[in-house]
Amino acid sequence: MFTLHASGVGGGIAIGVARVIRRAARETPAFSIARDRVDAEIKRLRAAVARAHAALTGIREALPADAPEEIVSFLGIHLMLLEDPALTEQPARIIAAQCINAEAALARHAESLDGFFKALHDPYLSGKSVDVAQVIHRIQGELLEESDGDADGVDSAGDETNDTVVAAAAINADTVAEESAAVAANDTVANDTEDWRGEIIVADDLSPADAIDLKRRRIAAFVTDLGGPISHTAILARSMRIPAIVGLHGATRYLRTGDVLVIDGKRGVVLVNPDAAALAAYQRRRTKILRRIQALDSLRDAESVTLDGEAVALLVNIELPEEIAAAASGNAHGVGLYRTEFLFMNRAGLPDEEEQFEVYADVVKRARRVVTIRTLDLCADKQVDGGRVDRDPNRGADAAATNPALGRRAIRLCLHDLSLFKPQLRAIYRAAAVGQVRIMVPMLSNIEELNQLFELLAQVKRELRDEGARFNPDTPVGGMVEVPAAAVAADMFAHRLDFLSIGTNDLIQYTLAIDRIDDEVNYLYDPLHPSVLRLIKNTIDAGRAAGIPVSMCGEMAGDTAYTRILLGLGLREFSMDPASLLEVKRQIRLTDTAKLTAPVAAMLQTAEPERLKQMAEEINR
Ligand code: PEP
Ligand code: MG
């Protein structure tokens, strides 16, 4: 038994069995092999292709009879590619010619195919390259899983890993004792007998696209080597209501498939192969947390109003259409952020206007309250699977990949590529005819973007009108304030828009110049930084002066540590992951805003981070 520590996400406790996966793209092992190993390596490659084929055939056979035609044909294409001898012949030739392992040969083949597809400058064929890349990725996965199995044997890599684990165990022995004692002391609830074990994914890194996939597979928790708690992958973990530990360097080395893990998302602890006493204590704590969450249910229909009578709107953030049910279960005032980019992930092509309309209209109908549909915020850490939609054949791959958070992301990408943007705007306007919708534009940084946006919106409306389409031309248009430039000049944006929404995840990233997905600078991510607080206040004041609503949809809005501070800054509309809504409501109902004015004003004048933390604690006490 030993513990590992990193950033915790999502509060709760999960207990389950580890499954270590490696994303081939990041960790492709590359090494030379002896000439007399060449035939065996080619055989290994062919066996991996056969296993990948068998696995996909199994998935196809298990499909229900009414599975959508697109899925059946998608699987058919991948099976056809796996059956094509050309896919193995070239990597086999590379193994023979260069005496390298099968994974590396596949990677080289994939690179040259990618270069070939790019050189064709044809969007349709580029789309097809995604299928080829995914099939190669699947074979890589088979090869890697096989080598993971080998690593369990007594080889030199295994010895090294075991040493590291022993060292980690020694360092953390005291912490384990402390954890068990703390858990045992706090727990009064009897052990429950529910089925609490699940699968816990341990990976080097997970993209938001991977996380969506995991969400559908109902895993219990995940642990990653890389990543920060405000990354989109972590945000998804919170919305999935599963605990996660991110930025745990070496997790994929220390942990083995089959290890029993306890994940404590609140404290950022992974307890590995716990003894019976520790396991029982954590089970009790997990039960206690579940009961506390259930107890919050009594607040479902309670008014969201402060002790001094200030009404506060509570909305939810959703990523997937099916999450609208969670919004309803918390009795939210609506959806304050619908991140539409997730509709574009994990698929071979982009959704067209009709598909988007159907999805948005369905969400709007089911919500029966306002739905704020955010236009595409792709790129930075949200790539569509298998490649970037903004890939420009005239720019080198490196240029496209440099500093994506500062690159052609969100509204910049949309205004650059109208074939991506226009169908979405048309679909949103049409969905707005079936219920209450607001359009929200991410990453605004200058007024010229607004000028272009309004011109485009006018054009889209003209076209819809000329076609006789059913749509709502009066759909409110708001903007996210998440770039410091927009927060500083919030008054200029407020006069042109129907509402503002503060995206603190990016606002903090850009204000403090720290990459939200880089765990090495994560310690600098500080929502209480006076610059951040002042920008939030400036935005709220600008909205009030212009007479438009200001909401907040960054993670800060769902964290009760900041609820009172935000109320003190004047915020009256919060949008958050559905799992946090009732906790935030509880905090609002326990707050007297009249008592917040002076301490929050004092925070805006304080520079010392430690003092700011103390002041926040005092406000929350
Ligand atoms: C934000 O930046 O705060 C936000 C809500 O948008 P996202 O997390 O999707 O970038
Ligand atoms: Mg953002």
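It should be noted that the structure appears before, not after, this text.
In this report, we go over the structure that sits alongside the text. Quick caveat: nothing in here was measured; it's all calculated off a predicted structure. (Residues numbered from 1 in each chain as written. Chains lettered and ligands numbered in written order. Predicted model: local features only at pLDDT ≥ 70, side-chain atom pairs only at ≥ 80, totals over all residues. Heavy atoms only, no water.)

As a further point, take the coordination of the magnesium ion (ligand 2). With distances of 2.0 to 2.1 Å, the protein atoms coordinating the magnesium ion (ligand 2) are Glu-482 (OE) and Asp-506 (OD). On the criterion of sequence distance, the pair formed by Glu-482 in the loop between β13 (477–481) and α18 (484–488) and Asp-506 in helix α20 (residues 504–512) is long-range, its members being 24 residues apart. Across the pair, Asp-506 and Glu-482 agree in class, each one buried. (Donors = N, O, S within 2.8 Å, 3.2 Å for Na, K, Ca; no water. Helix = DSSP H or I, 4+ residues; strand = E, 2+ residues; numbered from the N terminus. Buried < 20%, exposed > 50% of the residue type's maximum accessible area, 1.4 Å probe, protein only.)

Time to look at the site of ligand 1. Residues in close proximity to ligand 1 total 17 residues, the closest being His-232, Arg-339, Arg-374, Asn-505 and Arg-516. Note that an oxygen atom of ligand 1 is positioned 3.1 Å from one of the backbone N or O atoms of Thr-504. In this structure, an oxygen atom belonging to ligand 1 sits 2.8 Å away from a main-chain N or O atom of Asn-505. Going through the elements one at a time, α9 (232–239), β10 (334–339) and α20 are the ones with two or more residues in the shell around ligand 1. By residue number, the principal contributor to the shell around ligand 1 is α20, which donates three residues. The residue makeup of the shell around ligand 1, split by class, is four nonpolar, five polar and eight charged. (Near = heavy atom within 4 Å. Polar contact = N/O pair within 3.5 Å; in protein donor to acceptor, adjacent residues only side chain to side chain. Nonpolar A, V, L, I, M, F, W, Y, C, P; charged D, E, K, R; others polar.)

Let's shift gears to the packing of helix α16 (residues 418–431) against helix α17 (residues 447–466). Orientation of α16 relative to α17, taken along the N-to-C sense of each, is 60°, at an axis distance of 10 Å. Classified by the interaxial angle, the pair formed by α16 and α17 is oblique. In this structure, α16 crosses over α17, and the sense of that crossing is right-handed. Packed against α16, whose contacting residues are Leu-418, Phe-421, Lys-422, Leu-425, Arg-426, Tyr-429 and Arg-430, the element α17 presents Leu-453, Leu-456, Leu-457, Gln-459, Val-460, Lys-461, Glu-463 and Leu-464 at the interface. Counted by class, the contact of α16 with α17 contains nine nonpolar, one polar and five charged residues. (Axes fitted to C-alpha atoms, helices over the stretch in contact; angles between N-to-C directions. Parallel < 35°, antiparallel > 145°, perpendicular 65-115°, else oblique. Left-handed = near helix turned anticlockwise from the far one by under 90°. Contact = heavy atoms within 4.5 Å.)

Let us look at the pairing of strand β7 (residues 260–264). When you tally the buried positions in β7, you get five out of five residues, the bulk of the element. With burial as the criterion, each face of β7 is covered, one bearing Val-260, Val-262 and Asp-264 and the other bearing Leu-261 and Ile-263. As paired elements, strand β3 (residues 13–21) and β7 share five bridges and run antiparallel to each other. Across the sheet, the residue bridging to Gly-16 is Leu-261, located in β7. With four bridges joining them, β7 and strand β8 (residues 269–272) adopt antiparallel strand pairing. (Pairing = 2+ DSSP bridges.)

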